[in-house]
Structures are given as C-alpha cells and as structure tokens.
Amino acid sequence: MSDQINLVGEGTTFEGTLRTENDVRASGRIVGTMHVDGRAIIAKSGGVEGEIIATNADIAGRVEGEIRVAERLVLKSTARIDGDIRTKQLVVEEGARFTGECMMGDDAVNTDRSSTASDSDAPAKTKKETSQKGKPTTSASSSADTASSQ
C-alpha cells in the first residue's frame, strides 16, 4: 500500500461507491458507500450519507448510515453519527454524539450483517434510552464519558 491519500474536497459531492486500497480524506460530502482498505477520514466539514466500510476510521464530521471498521474507529469531539457502529476498537472523544447501536470486539466485525441481535453469542450492544428531558440518548461504555446529564 502506498502513502497516497485520496481527497474529496470541501464543496464537492461524490455520489456512488468509492473503493480504494489507500486512505481517503473527505472534507466534502459522500452519498453512497465507501470501501477503504486504509483509513477513512471524515473531516469536520465532511459528511457521509451511506455506509463506511474501512480498516480504520477517524470521524470529525457527520455520518448518516452504518459504519463498519475492522480495527479502530475514532469519533472526534465534533462527530455526529446517526447509524449503527460495528468495530473492533472504539475511541470516543468528549463531545462526540451518536444515535444507534454499537457492537465492539472481534465478533462485531466478523459477524454477518444479516445476523440478529438475539443470537446468544452476539457481542453486547448499547441500548437506546431516553433522557430525563425526553431526548433520545445512547448509552455505551467508553474511556471518554461525555457530559450527557447536563
């Protein structure tokens, strides 16, 4: 694999399926599916409406859709995720927000997408909850707890 980084610049909208063996940095908008055999980087100004499938990912922007990361997913403080997450490792910075289910660990990335959550050997999932103010929240364990009880 080379050190090449593919760019989707700010103000650009890419529609369709993006496949690459190299890293991708999206400062613009991607509508469709990203298959990245390297690192998928979604900048603060970037967004994805669709599916991200990557070896590693750093997300600072907005994603609406499923995220599947084989190794390490980092949600930066400005990340806004609306969709399910499946990853081996998850790092959540304070301020990051996501709505959906999260599956972590080796089984999460090796499980067939059509499998059900009721399987007895399925990894633990986060639960969708409602806060005292009536707003939906997602509970998950992470090393960077956010101040969601404000």
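My aim in this report is to walk through the structure given alongside it, one point at a time. This structure is a prediction, so every number in the text was calculated from the model and none was measured. (Residues numbered from 1 in each chain as written. Predicted model: local features only at pLDDT ≥ 70, side-chain atom pairs only at ≥ 80, totals over all residues. Heavy atoms only, no water.)

1. Quick word on the environment of Ala26
Then step 1. Position of Ala26 relative to the elements: it lies in strand S3 (residues 23-26).
Then step 2. It is 8.6 Å that separates the C-alpha atoms of Ala26 and Val48, two residues lying 22 residues apart in sequence.
Then step 3. Look past the residues within four positions of Ala26 in its chain and what remains in contact with it is Val8, Ile41, Ile42, Ala43 and Gly46. (Helix = DSSP H or I, 4+ residues; strand = E, 2+ residues; numbered from the N terminus. Contact = heavy atoms within 4.5 Å.)

2. Describing the pattern of salt bridges
Then step 1. Scanning the model with the defined rule gives 6 salt bridges in all.
Then step 2. Note that Arg68 is salt-bridged to Glu51, the shortest N-O span being 3.5 Å. Taken together, the residues span a long stretch of sequence, with Arg68 in strand S7 (residues 67-75) and Glu51 in strand S5 (residues 47-59) at a distance of 17 residues.
Then step 3. A relative accessible area of 21% places Arg68 in the partly exposed class.
Then step 4. With its nearest N and O atoms 3.7 Å apart, the salt bridge here joins Lys76 to Glu93. Of this pair, Lys76 sits in the loop between S7 and strand S8 (80-82) while Glu93 sits in the loop between strand S9 (85-92) and strand S10 (97-99), placing them 17 residues apart in sequence.
Then step 5. A residue is classified by how much of its surface remains accessible, and Lys76, at 29% relative accessible area, is partly exposed.
Then step 6. Look at Glu93 and you get partly exposed, because its relative accessible area is 30%.
Then step 7. Ionic contacts of the salt-bridge type, sharing partners, join the residues Glu51, Glu66 and Arg68 into one network. (Salt bridge = Lys/Arg side-chain N within 4 Å of Asp/Glu carboxyl O. Buried < 20%, exposed > 50% of the residue type's maximum accessible area, 1.4 Å probe, protein only.)

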